[in-house]
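# Examination of the molecular architecture
Below, each chain spelled out in residue letters.
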Amino acid sequence: MFLLCFMKSDYLPILLQVLVAIGFACSALLVSLLLGKATRRNATKDTAYECGMIADEGPQPRFSVKFYLVAMLFILFDLEIVFMYPWAVIYKDAILEYGASIFWSMFSFVGILTLGYVYAVKKGALDWKS
Amino acid sequence: MDFLNDIPWMLIAASIAKTLFLIFGVVLPIVSYTVYAERRVSALIQDRLGPNRTGFPISLFGFEKDLQLFLGGLGQPIADAVKFLLKEEFTPAHVNKFYFWLAPVLAMVPALSTLAVLPFGNYLFGQKMVVADVNVGILYVFAIASIGVYGIVLAGWSSNSKYPFLGSIRASSQMISYELSLGLSAVPVLLIIGNLNLSQAIQYQIENGWLLLPFTDGNLTLRELLLWIPVLISFIIFTISMFAETNRLPFDLPESETELVAGYHTEYSAMKFALFFLGEYAAMIAGSSVIVVLFLGGWHIPFLPINTLESSTTPAGIALGFLHITAFFAKVVGILLFFIWVRWTLPRFRFDQLMKLGWLYLFEIALVNIFITAAILALVK
């Protein structure tokens, strides 16, 4: 029953398109695996790439903690954007019906988040030079 | 066996036909010829010739010479595809095998899947030329496009190698940073159109003129003229973010050859590498299509009649339907050529400059731009 409901929905074509895309990618890899010339392996070929030298460090080097910060800030502000979409869609009708309150409500919401943004900038969270 | 009759077979058949036409009939040929165009245009810019020799291999069938059309070298994409299929499919011993093989698939599939909601034409043979006309259109595009970052992160992580790893953490932070300005710069457009559905976005632009060229409906009001300013800002931010999302120069830090060898796909070869390559170009096409739909009127041709569902089976309607599809992809190709032109003109950013541009400038301008649009919509009737 659930399956039938899904089949009649608008999203079925999307599922089909995703399946076609997966099918294309997998079959391309499979054909290449079957037709590709197989050669011998040797120890040098199996080492990780390192500009013609033997790698002296581990494969996954240490990296800046800034990348984690960016990821966390992204989650914060991406949620803000998601909240803006429904607001943007109803804005034109709502402003005629209810007046400017819809403008100021979003303005204050973004204002509060902007405080957090200013704090992050002042703390140097986005300063990659230091 | 009652439920077999309930399954909408006609709908399934029609949508599979549209999907196959879109992916194999239009997008993949455009992808391969964009690669060719990239090489020819870069050669033009750098005063070289580029690949101009490979023809269509009819000499295999007993003809004396290979077939050369127009420019020369048009057989190059076919030769490249065959070469990718015949190269050794090598998986190094030090990689994490499952994710190593999963990554190229994950780079390709989202790029092709985003195309499902993009209306690439009006009616043809009584069918609407969009695979899935869903009412969350633009949200779906952003949601699926952001899955593309997993392919790159997994490629770098599973390679267990230094350069791919550095390339992939750069790529992930770059792509999520520019997703913010990408998402924000679409909001003014949604404010003006008032709908997430992409077919409705085109319908609005048919009635009121393209957002970027508001005179295409034949008249220009003060409101349209004032809204044109935030739309232009939006368009510029959207295009810049699209460059960063698809890792194109001047934002190609994830694979900057001079520092990171080849970035996240250093350890890849043969078709696995080709899927990353094709996926990048498919993502470019998807991005250009979104730009065309949101700002340049989609498949609409100004001052030309539009066919309807009823007339789309008559000869004139069919001709018009094909004309609309051609117009859509002509606009997409125009933007792709712009992508190529920029790539071979500008130098690469430094990583701190990239982050500063995304977080401090584009993010703030896009945010202010939203409220300018909202104020104009509220004040100017």
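Fair warning: this is a prediction, and the values are worked out from it, not measured in the lab.

### Considerations on the overall build of chain B
- Of regular secondary structure, chain B possesses 13 helices and two strands.
- With respect to the three principal axes, the spread of C-alpha positions in chain B is 65 × 60 × 55 Å.
- The 381 residues of chain B split such that 59% are buried.
- Once local pairs closer than 6 in sequence are excluded, the contacts in chain B between residues at least 24 apart make up 75%.
- Here chain B contributes 21 positively and 24 negatively charged side chains, and the mean placements of these two sets differ by 7 Å.

### Describing the interface of chain B and chain A
- At the interface, 94 residues of chain B touch 66 residues of chain A.
- Buried surface at the junction of chain B and chain A, both sides included, amounts to about 6900 Å², of which 76% is carbon and sulfur.
- When the area that chain B buries against chain A is broken down by residue, the three leading residues are B:K162, B:W359 and B:F371, summing to 10%.
- Among the elements of the structure, α1 (2–6), α2 (9–45), α3 (76–86), α4 (97–114), α5 (137–145), α7 (162–193), α11 (270–295) and α13 (351–379) of chain B are those that each provide at least two residues to the side of chain B that touches chain A.
- Top element by residues in the side of chain B that touches chain A is α7(B). It accounts for 19 residues.
- Broken down by class, the residue content of the side of chain B that touches chain A amounts to 65 nonpolar, 14 polar and 15 charged.

### Concerning the layout of surface pockets
- Roughly 560 Å³ of internal volume is contained in the largest pocket.
- Lining the largest pocket are 23 residues, with B:S32, B:P77, B:A81, B:F84 and B:L278 sitting closest to its centre.
- If you list the elements that add at least two residues to the lining of the largest pocket, you get α2 (12–35) of chain A together with α2, α3 and α11 of chain B.
- Counting residues per element, the lining of the largest pocket draws most heavily on α3(B), at eight residues.
- Tallied by class, residues from the lining of the largest pocket come to 17 nonpolar, three polar and three charged.

### Some points on unusual backbone geometry
Residues and elements named next belong to chain B.
- The backbone phi angle of N247 is positive, close to 55°, even though this residue is not glycine.
- Along the polypeptide, N247 turns up in the loop between α9 (222–245) and α10 (257–260).
- With phi around 50°, A270 is a residue other than glycine that occupies positive phi space.
- Here A270 is to be found in helix α11.
- In this structure A270 comes out as buried when scored by relative accessible area, which is 8%.

### Topic: helix α6 (residues 148–158) of chain B
Residues and elements named next belong to chain B.
- Along α6, eight of the eleven residues are buried, which leaves the element largely enclosed by surrounding structure.
- Where α6 is concerned, the buried positions are G148, V149, G151, I152, L154, A155, G156 and S158.
- Where α6 is buried, its residues meet α4, α5, α7 and α11.
- Two residues or fewer after α6 comes N160, characterised by a positive phi angle close to 50°.

### Observations concerning the pattern of salt bridges
All names here are of chain B.
- Applying the stated criterion across every chain, the model contains five salt bridges over all chains.
- Between R39 and D80 there is a salt bridge, and its shortest N-O distance comes to 3.4 Å. Of this pair, R39 sits in helix α2 while D80 sits in helix α3, and the two are 41 residues apart along the sequence.
- Residue classification places R39 among the partly exposed positions, given a relative accessible area of 35%.
- The partner of D352 in a salt bridge is R350, with the nearest N and O atoms 2.9 Å apart.
- When its relative accessible area of 44% is taken as the criterion, R350 is described as partly exposed.
- The network of salt bridges with shared partners includes E38, R248 and R343.

Parameters at a glance
Residues numbered from 1 in each chain as written. Chains lettered and ligands numbered in written order. Predicted model: local features only at pLDDT ≥ 70, side-chain atom pairs only at ≥ 80, totals over all residues. Heavy atoms only, no water. Helix = DSSP H or I, 4+ residues; strand = E, 2+ residues; numbered from the N terminus. Buried < 20%, exposed > 50% of the residue type's maximum accessible area, 1.4 Å probe, protein only. Contact = heavy atoms within 4.5 Å. Lys, Arg positive; Asp, Glu negative; His and termini not counted. Charge placed at Lys NZ, Arg CZ, Asp CG, Glu CD. Buried area = accessible area lost by both parts, 1.4 Å probe. Nonpolar A, V, L, I, M, F, W, Y, C, P; charged D, E, K, R; others polar. 1 Å grid on protein atoms, 1.4 Å probe; cavity = no way out; pocket = protein on both sides within 12 Å on 5 of 7 lines; lining within 4 Å. Points joined across faces, edges and corners; volume = space filled by probe spheres on them. Salt bridge = Lys/Arg side-chain N within 4 Å of Asp/Glu carboxyl O.

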